[in-house]
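Survey of secondary and tertiary structure
The chain contents come next:
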Amino acid sequence: MVVKVKDLVKRYRDILALDHLSFSINEGEVFGLLGPNGSGKTTAINCILSLLKYDRGEIWIFGQPMRPDAYDIKRNIGIVMQNIAVYNELTAYQNIDYFCGLYVKDKNQRKKLVNEAIEFVGLGEFTKFYPRKLSGGLLRRLNIACGIAHKPKLIILDEPTVAVDPQSRNKILEGILELNKQGATIIYTSHYMDEVEQICSRILIIDKGREIATGTKDELKAMISLGEKITVESYSITEKQISAIKKLPGITSVDYKNNALIIKSGKGTNNLETVLDFIRKENIHFGRIYSEMPTLNDVFLEITGKELRD
Amino acid sequence: MFIHIFTYRLKCLLRDYEGIFWTMLFPLILATLFNMGFSNLNSAEMFNPINIAVVNNESYRQNQSFKQTLEKVFTGDDRLFNLSVVSREEADEMLKDNHIDGYIIAEQPIKLVVSRSGIKQNIIKSFIDNYMHTFSAISNILEKDPGKLQSLINDIESKVKYSKEVSVTNAEPDNVLIYFYTLIAMACFYGGFLGMGEVSDVQANIKPVAARINTAPVHKLKTFFYSSAASIIIHLTEMLILLAYLVFALKIDFGTKTSYVLLTTFIGSIAGFSFGAFISAIVKKYEGFKVAVIVSVTMLCCFLAGMMYQDMKYIVATKVPILSYLNPVNLLTDAFYALYYYDTLTRFFTNIVILTGFIIVFCSGTYLIIRRQKYASL
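How each quantity is defined
- Residues numbered from 1 in each chain as written.
- Chains lettered and ligands numbered in written order.
- Predicted model: local features only at pLDDT ≥ 70, side-chain atom pairs only at ≥ 80, totals over all residues.
- Heavy atoms only, no water.
- Helix = DSSP H or I, 4+ residues; strand = E, 2+ residues; numbered from the N terminus.
- Areas by Shrake-Rupley, 256 points an atom, 1.4 Å probe, with all protein chains shown as cover.
- Lys, Arg positive; Asp, Glu negative; His and termini not counted.
- Charge placed at Lys NZ, Arg CZ, Asp CG, Glu CD.
- Contact = heavy atoms within 4.5 Å.
- Buried area = accessible area lost by both parts, 1.4 Å probe.
- Salt bridge = Lys/Arg side-chain N within 4 Å of Asp/Glu carboxyl O.
- Polar contact = N/O pair within 3.5 Å; in protein donor to acceptor, adjacent residues only side chain to side chain.
- Buried < 20%, exposed > 50% of the residue type's maximum accessible area, 1.4 Å probe, protein only.
- Domains from an automatic or database assignment.
- Disulfide = S-S within 2.5 Å.
- Pairing = 2+ DSSP bridges.
- Axes fitted to C-alpha atoms, helices over the stretch in contact; angles between N-to-C directions.
- pLDDT = per-residue confidence, 0-100.
- Patch = residues over 30% accessible without salt bridge, like charges linked within 9 Å, V, L, I, M, F, W, Y side chains within 5 Å.
- Left-handed = near helix turned anticlockwise from the far one by under 90°.
- Nonpolar A, V, L, I, M, F, W, Y, C, P; charged D, E, K, R; others polar.
- Phe/Tyr/Trp six-rings, centres within 6.5 Å; stacked < 30°, edge-to-face > 60°.
- Lys NZ or Arg CZ within 6 Å of the ring centre and 35° of its normal.
- Core = buried A, V, L, I, M, F, W, Y, C linked by side-chain atoms within 4.5 Å.

Remarks on the overall build of chain B
- Looking only at helices and strands, chain B has 18 helices and four strands in total.
- Dimensions of chain B, computed from the C-alpha atoms along their principal axes, are close to 105 × 45 × 30 Å.
- Put simply, chain B shows about 19,600 Å² of open surface, and 61% of that area lies on carbon and sulfur atoms.
- Here chain B holds 33 positive side-chain charges and 30 negative ones, and the gap between their average locations is 16 Å.

Some points on the interface of chain A and chain B
- On the side of chain B, 29 residues touch chain A, which itself brings 37 residues to the contact.
- A buried area of about 3,100 Å², summed over both sides, lies between chain A and chain B, and 62% of it is on carbon and sulfur atoms.
- At the junction of chain A with chain B, the criterion picks out zero salt bridges.
- Connecting chain A to chain B are ten residue pairs in polar contact (both at pLDDT 80 or more).

Here we look at the side chain of B:Thr298
- Structurally, the position occupied by B:Thr298 is in helix H14 (residues 287-304).
- Setting aside anything within four residues of it in sequence, one finds B:Thr298 in contact with B:Met186, B:Phe189, B:Tyr190, B:Phe275 and B:Val329.

Comments concerning the pattern of salt bridges
Residue and element names in this part refer to chain A.
- According to the stated counting rule, one finds 24 salt bridges over all chains in the structure shown.
- The salt bridge involving Asp19 is made with Arg210; its shortest N-O contact spans 3.1 Å. Taken as a pair, Asp19 in strand S2 (residues 15-25) and Arg210 in strand S10 (residues 210-215) lie far apart in primary sequence, 191 residues in all.
- According to the relative accessible area criterion, Asp19 is buried, its value standing at 17%.
- Across the pair Lys151 and Glu116 runs a salt bridge, and its minimum N-O distance is 2.3 Å. Of this pair, Lys151 sits in the loop between helix H5 (136-148) and strand S7 (154-158) while Glu116 sits in helix H4 (residues 107-121), placing them 35 residues apart in sequence.

Concerning the domain arrangement of chain B
- Entries for chain B in the domain assignment read domain 1 (2-39 + 176-370) and domain 2 (47-153).
- Using only C-alpha atoms to locate each centre, domain 1 of chain B and domain 2 of chain B end up separated by 57 Å.

Some points on helix H10 (residues 192-200) of chain B
- Where burial is concerned, most of H10(B) is hidden: nine out of the nine residues are buried.
- Of all the positions in H10(B), only B:Gly192, B:Phe193, B:Leu194, B:Gly195, B:Met196, B:Gly197, B:Glu198, B:Val199 and B:Ser200 are classed as buried.

Quick look at the state of the cysteines
All names here are of chain B.
- Counted according to the given criterion, the structure contains zero disulfides over all chains.
- Cysteine Cys188 remains unbridged, with the sulfur of Cys302 as its closest cysteine sulfur at 10 Å.
- Cys188 sits in the buried class, given a relative accessible area of 0%.

Focus on the sheet that holds strand S11 (residues 226-233) of chain A
Residues and elements named next belong to chain A.
- The strand order across the open sheet formed by four strands is S12-S13-S11-S14, and the pairing between neighbours is antiparallel. With one partner strand each, in any of the chains shown, strand S12 (251-257) and strand S14 (289-292) form the two edges of the open sheet. The average angle at which neighbouring strand axes cross in this sheet is 15 degrees, direction not considered.
- As judged from the four bridges shared by S11 and S14, these two strands associate in the antiparallel manner. Paired with Thr231 across the two strands is Tyr290, which belongs to S14.

Some remarks on the confidence of the model for chain A
- Looking at chain A as a whole, its pLDDT mean stands at 89, while 98% of the residues score no less than 70.
- Ranking the elements of chain A by mean pLDDT puts helix H11 (residues 296-304) of chain A last, at 81, and helix H3 (residues 92-101) of chain A first, at 96.

Quick notes on a nonpolar patch on the surface
Residue and element names in this part refer to chain B.
- The grouping of Leu300, Phe303, Met308, Tyr309, Tyr314 and Ile315 at the surface amounts to a nonpolar patch, some 610 Å² of accessible area in total.
- Contributing elements (two or more residues each) for the nonpolar patch: H14 and helix H15 (311-319).
- Relative to the elements of secondary structure, Tyr309 occurs in the loop between H14 and H15.

Looking at the packing of H3(A) against helix H1 (residues 2-15) of chain B
- Orientation of H3(A) relative to H1(B), taken along the N-to-C sense of each, is 150 degrees, at an axis distance of 10 Å. H3(A) and H1(B) meet at a crossing whose hand is left-handed. The residues of H1(B) that touch H3(A), namely those facing A:Gln94, A:Asp97, A:Tyr98 and A:Gly101, are B:His4, B:Ile5, B:Tyr8, B:Lys11 and B:Arg15.
- Its residues assigned to classes, the contact of H3(A) with H1(B) shows three nonpolar, three polar and three charged.

Observations regarding a negative patch on the surface
All names here are of chain B.
- Where like charges cluster on the molecular surface, the negative patch consists of Glu89, Glu90, Asp92, Glu93 and Asp97.
- Topologically, Glu89 is positioned in helix H6 (residues 88-96).
- The exposed category is assigned to Glu89, whose relative accessible area is 59%.

Brief notes about the packing of aromatic side chains
- Taken as a whole, this structure holds 32 aromatic pairs over all chains when the rule is applied.
- Ring geometry for A:Tyr98 and B:Tyr8: centres 5.6 Å apart, planes at 75 degrees, overall edge-to-face. In this pair, A:Tyr98 is assigned in helix H3 and B:Tyr8 in helix H1, connecting two distinct chains. Of the two residues, A:Tyr98 and B:Tyr8, neither departs from the other in class, the shared state being buried.
- Note on B:Phe21 and B:Phe26: the rings are 6.4 Å apart at their centroids and 45 degrees apart in plane angle, and the pair reads as tilted.
- An aromatic cluster is built from B:Phe21, B:Trp22, B:Phe26, B:Tyr190 and B:Phe193, whose rings are joined through pairwise contacts.
- Directly above the ring of B:Tyr8 sits B:Lys11, whose terminal nitrogen or CZ lies 4.8 Å from the centroid.

Structural notes on the side chain of A:Arg141
Residues and elements named next belong to chain A.
- Relative to the elements of secondary structure, Arg141 occurs in helix H5.
- Here Arg141 occupies a buried position and makes no salt bridge, while the nearest side chain of opposite charge, Asp165, is found at 6.0 Å.
- Of note is the side chain of Arg141, whose polar atom sits 3.2 Å from the backbone oxygen of Val121.
- When neighbours within four sequence positions are excluded, Arg141 is seen to be in contact with Val121, Gly122, Leu123, Ser168, Lys171 and Ile172.

Focus on the confidence of the model for chain B
Residue and element names in this part refer to chain B.
- Per-residue pLDDT for chain B averages 86, and the proportion of residues at 70 or more is 91%.
- Within chain B, helix H3 (residues 41-44) has the poorest average pLDDT of any element, 61, and H1 the best, 94.
- Prediction confidence for the complex, expressed as pTM and ipTM, is 0.75 and 0.81 respectively.

Notes on the nonpolar core
- One finds A:Ile96, A:Tyr98, A:Leu102, A:Leu142, A:Ile186 and A:Tyr188 to be the most contacted residues of the largest nonpolar core, which totals 60 residues.
- If you tally residues by element for this core, the top one is H5(A), at seven residues.
- The next biggest cluster of nonpolar side chains, apart from the first, holds 58 residues, and it includes B:Phe38, B:Val261, B:Ala335 and B:Tyr341.

Some remarks on the sheet that holds strand S3 (residues 30-34) of chain A
Residue and element names in this part refer to chain A.
- Read across the sheet, six strands follow the order S6-S7-S8-S3-S9-S10 without closing on themselves; strand pairing throughout is mixed. Both edges of this open sheet fall to strand S6 (77-80) and S10, since each of them pairs with a single strand only. The mean inter-strand angle of the sheet, taken between neighbouring strand axes irrespective of direction, is 15 degrees.
- Here S7 runs beside strand S8 (residues 185-190); their pairing, made up of five bridges, is parallel.

Rendered as C-alpha cells:
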C-alpha cells in the first residue's frame, strides 16, 4: 500500500473541510479524487503532504507515518500543484533543474533527469523561455515537469488541467498514463469527471469532505439504479405520449424539458429499440435520438441529489 | 545543496529588475537628486562681500578716518564690502542696475542710499551706525577729557569675547550630510524587500512555489538560510555601489574612519534584511500588503531621522529622546554622523550595539514564526 489515510478530520473554524475521510491507494494505481469545487480534494492532498495541520486522523505513505520532516518519504513524492509553482526569473530548463536539484544531488544524473522530463512534457523547443513567455498549456507542462523530473514513486497531481487548451490537456493526460506505465503511483484530483473516467483505475468521490463512493468506474456505476439514458430531441411530444412512454417496460422515469425528452431505464434493460418503435408508431418528428450509459455525474447525482459539475 | 540553492537564488535576484530598481537604482537616483538639490545649500549659508559704492566728493576725500575704516572692511579674504569709489551719477546708475546694494555719501551726517530694504542693506546701515557711534564717542571724549583718548582707543581695539568656541572634531560642519546619511539608511532598510521575499518563498500559505519547496526533502529553514545568503550578498553589493557612488562621484564626506563606515553599512544591510523578513513573518497578508508595510515603516523612520526635514532629528532627540533609540533608521544615520563628527567612538558604538539588538530581535522573531512546519490553512 502506497498511501493510507485513516479517519482524517480537518476543520477551518466552523467549516468541516474533511469529515472522517479514509482511503488507501495501492502501488501502480491511478487513483482519482473526484468532487465538486470546495469538496475537500486539495485539502486532503495538502494534509497528505504534511503542509496542513489536521485535527484528527492518520496518514501513512510507503508504510511510514507522514510528517513534515519525513524526508525519505518526501524524496519519493512528486507534486504538481493546482497553481503554477515556478520562478518567473528562471528559464524553463533552470526551473526544472532547480526543483530536481532539491531531490537529486548528482549533477550528471540531474542533467539526464531534467532532459528526460523536458522531452516527456514536450518542452524541448522552449527550454530557454521564461515562464511569462509560455502559453497557459506550456506553463502547465512546465509545472508538471518541475514536479516529476526526479522520477518519484508517488506523483500527486492536483487539478493539473485547469484552464488548459484541449491539445495540452490530452498531452497531459497521456503523459500521466505514461508515468503510471513507468511504475509511478498516481493521485489525480479533478472536478472533470471525463478526465477521471479516462485515466483513473480507481476513484474516490468526495463531497463536503466526506467519502461518497469508492471503486473502479464500473463499480461506481454499478452502485446506482440507472442503466441507460435515452435522449430524444423533439418539439412535438404531447402529454399523452409522455404518459404512454412511462408505461413502456423497464422505463423508470421520463422527463421532457427544453425540447428534449429524457428517458431513463433500469439496469439490465435496453429500451432504445422499444422507444424507436413507439416514436415511429406515434409518428413523432425528432431531430436526434441517442443512448448513453451512466456517467460518474449520474453516480454523483443519484447519491447526493446534485450535479457534480455544480 | 548550498551551492545549488545559492546559485539559483543569485540568478533569480539578478533577473528581478523591479527589485534591483528599488534596492539599488532608486537610492542612486535619489542621491543624484539630493546632490543637485543641495549643492547650493552650504554655499547659500556662506557670507559673500556686499557690493557698495562711496561717492567720491570733497567731504569723502577729506574724511580720513572714514576712508581708513572703509579700507579695513574692503580688503582681505574675509572682507565685508566690495567697494567702488565713484561719482554720484555713477553710483545712482550702479544702484539702478543692481551692481551695488547701496552707496554711501560721506557727508555730515553720513548718508546711505539704497533701492530696497534687505539683509545686505541692514548690514551696510549697521556698519555706518557703528562708525558714527564710535566717531561721536571719540569726539565727545576729545572735547571733555582728552587724556582718556588712549584708553578709549585701547578698549575699541581689544573687544573681549566672553564665550569660547570649542571644536569637538576636525570635521567641517556640513548641513547636507545628514540627508545622505539618511539616504544610505533608507537604502539599507529597502533591503527589507529582499528579506520579505525570502520569507514568502518558504511560506506555503503565501506562494505556490513555497508549497513546492515545503514538499521537497530539504528543511525549509536550510532553504531559507541558503537563499538569504544570496540576498544579503546582493544587497551588500548594492550598498557598496551606493557608497562608492556617494564618495567618489558625489564627493560626500564620510570622514576618515573608512573601516567603520563599511562596518556600519554591513550592519545596516543586515538590519534592513532582517527587518523585512520579520515584517513578512508577522504580517499574515499577501505580498503587496507586506511591501506597503515595509515602505510605510521605513519612510516614517526616515522622516523621524531627518531625511525630509533635517531639524526633525534634533526635535526628536530633544522632545522624545527614546524615539531616537527605537528608530533603527535614526541609529544608522546617527552612526554615520558620529563617525564623521566625533573623534571618539562612544556614540558610534552605542548606535551599533542598539542596532545589533534590533537585528537579534528581528531574526529571533522571524525564526520563531517561520520554523513551524505545518499551516492551519493554505
